[in-house]
Amino acid sequence: MDDTDSPTDDVPWLDADERRTWLALLQLTTLLPGSVEAQLGRDAGLSFFEYSVLAVLSERPDGIARMSQLAMMANGSLSRLSHVARRLETKGFIRREPLPEDGRITVAVLLEPGRRAVTAAAPGHVRHVRSLLFTALSRAEQVELGRLAAKAVLAVDSPVSAAMR
């Protein structure tokens, strides 16, 4: 590259529609988590990640998950889960223990107080999510948003995008 070349000469800039879409998506991804976090904190005394961990465990028939699987299913890192698991243990909501078949693996076990906490928090959480997102969209728009979001997640979480991070 010489002095006359610009590092942006080959960049396909966003057109007006793409820019509006991108900015709307940024606003949504900025505002939505904060609103959900505030509702759960106010109404249930839980962070969104704590709620997610408890919800994942509550959906498993035995209420047990390997920590590595739980981190992935709750959309967090193992390090973040470790800190949250410590808080949830202090509250008496979960217990961590070695997997009986392989003591090198740690599992999280949902305890009855944790099940009660997530069960009590769920109705308010669902009402809030519905009011923020679903009441503003028709059923067809909801389906389309879900389809498009899943498609975008695949692009963001692809091996190619992971290599670029």
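Quick caveat, the model's predicted, so the values are computed rather than measured.

Draft legend 1. How the structure looks around the overall build of the protein. Helix and strand content of the protein: 7 helices and 3 strands. Of the regular secondary structure in the protein, the N- to C-terminal order runs α-α-β-α-α-β-β-α-α-α. A buried classification covers 26% of the 165 residues belonging to the protein. A separation of at least 24 residues holds for 49% of the contacts in the protein among residues at least 6 apart in sequence.

Draft legend 2. Main features of the sheet that holds strand 2 (residues 94–99). Taken together, the 3 strands give an open sheet; going across it, the order is 1-3-2, and neighbouring strands pair in antiparallel fashion. Of all strands in the sheet, those with a lone pairing partner are strand 1 (64–66) and strand 2, marking the two edges. If you compare each strand with its neighbour and ignore which way they point, the axes differ by 30 degrees on average. Sheet contacts for helix 2 (residues 48–59): strand 1, strand 2 and strand 3 (102–110); angle to strand 3, the most-contacted strand, approximately 100 degrees.

Draft legend 3. Fine view of the packing of aromatic side chains. Here the structure, examined in full by the defined rule, presents 0 aromatic pairs. Looking at Arg 80, its charged tip hangs above the ring of Phe 49, at a distance of 4.1 Å from the centre.

Draft legend 4. Spatial organisation of helix 5 (residues 112–134). Taking 1.5 Å as the rise per residue, helix 5 with 23 residues should run 33 Å; its terminal C-alpha atoms sit 31 Å apart, in good agreement. Taken as a whole, helix 5 carries its principal kink of about 35 degrees at Ala 122; the proline Pro 123 stands between one and four residues after it. Of all the residues in helix 5, the buried ones are Gly 114, Ala 117, Val 118, Ala 121, Gly 124, His 125, His 128 and Leu 133. Elements that come into contact with the buried residues of helix 5 comprise helix 1 (16–44), helix 2, strand 3 and helix 6 (139–156).

Draft legend 5. The arrangement of the pattern of salt bridges in detail. For the structure on display, the rule yields 8 salt bridges. A salt bridge links Asp 17 to Arg 20, with the shortest nitrogen-to-oxygen separation between them at 2.3 Å. Here Arg 20 and Asp 17 lie together in helix 1, a separation of 3 residues that amounts to about one turn. The pair formed by Asp 17 and Arg 20 is uniform in burial state, with each residue classed as exposed.

Draft legend 6. Examining the pairing of strand 2 more closely. Pairing geometry for strand 2 and strand 3, over 6 bridges, is antiparallel. Counted as the bridge partner of Ile 94 is Leu 110 from strand 3. Where strand 2 folds back on strand 3, the antiparallel hairpin that results is connected by 2 residues.

Draft legend 7. Region of the structure containing the side chain of Ser 47. Topologically, Ser 47 is positioned in the loop between helix 1 and helix 2. Judged by its relative accessible area of 17%, Ser 47 is buried. Once residues within four sequence positions are removed from consideration, Ser 47 is found in contact with Glu 37, Leu 40 and Arg 87.

Draft legend 8. Seen up close, the side chain of Glu 50. Among the secondary structure elements, Glu 50 is positioned in helix 2. Overall, the relative accessible area of 4% leaves Glu 50 in the buried class. Polar side-chain contacts of Glu 50 include one of 3.0 Å to the side chain of Arg 87. The contact partners of Glu 50, leaving out residues within four places of it in the chain, are Gly 45, Val 84, Arg 87, Leu 88 and Lys 91.

Draft legend 9. Focus on a nonpolar patch on the surface. Residues Leu 14, Trp 22, Leu 23, Leu 25, Leu 26 and Leu 28 make up a contiguous nonpolar surface patch of about 520 Å² in total accessible area. When you line up the elements, Leu 14 lands in the segment before helix 1.

Conventions we followed
- Residues numbered from 1 in each chain as written.
- Predicted model: local features only at pLDDT ≥ 70, side-chain atom pairs only at ≥ 80, totals over all residues.
- Heavy atoms only, no water.
- Helix = DSSP H or I, 4+ residues; strand = E, 2+ residues; numbered from the N terminus.
- Buried < 20%, exposed > 50% of the residue type's maximum accessible area, 1.4 Å probe, protein only.
- Contact = heavy atoms within 4.5 Å.
- Pairing = 2+ DSSP bridges.
- Axes fitted to C-alpha atoms, helices over the stretch in contact; angles between N-to-C directions.
- Phe/Tyr/Trp six-rings, centres within 6.5 Å; stacked < 30°, edge-to-face > 60°.
- Lys NZ or Arg CZ within 6 Å of the ring centre and 35° of its normal.
- Expected span 1.5 Å × (residues − 1).
- Bend = angle between axes of the 7 residues up to and from the residue.
- Salt bridge = Lys/Arg side-chain N within 4 Å of Asp/Glu carboxyl O.
- Polar contact = N/O pair within 3.5 Å; in protein donor to acceptor, adjacent residues only side chain to side chain.
- Patch = residues over 30% accessible without salt bridge, like charges linked within 9 Å, V, L, I, M, F, W, Y side chains within 5 Å.
- Areas by Shrake-Rupley, 256 points an atom, 1.4 Å probe, with all protein chains shown as cover.

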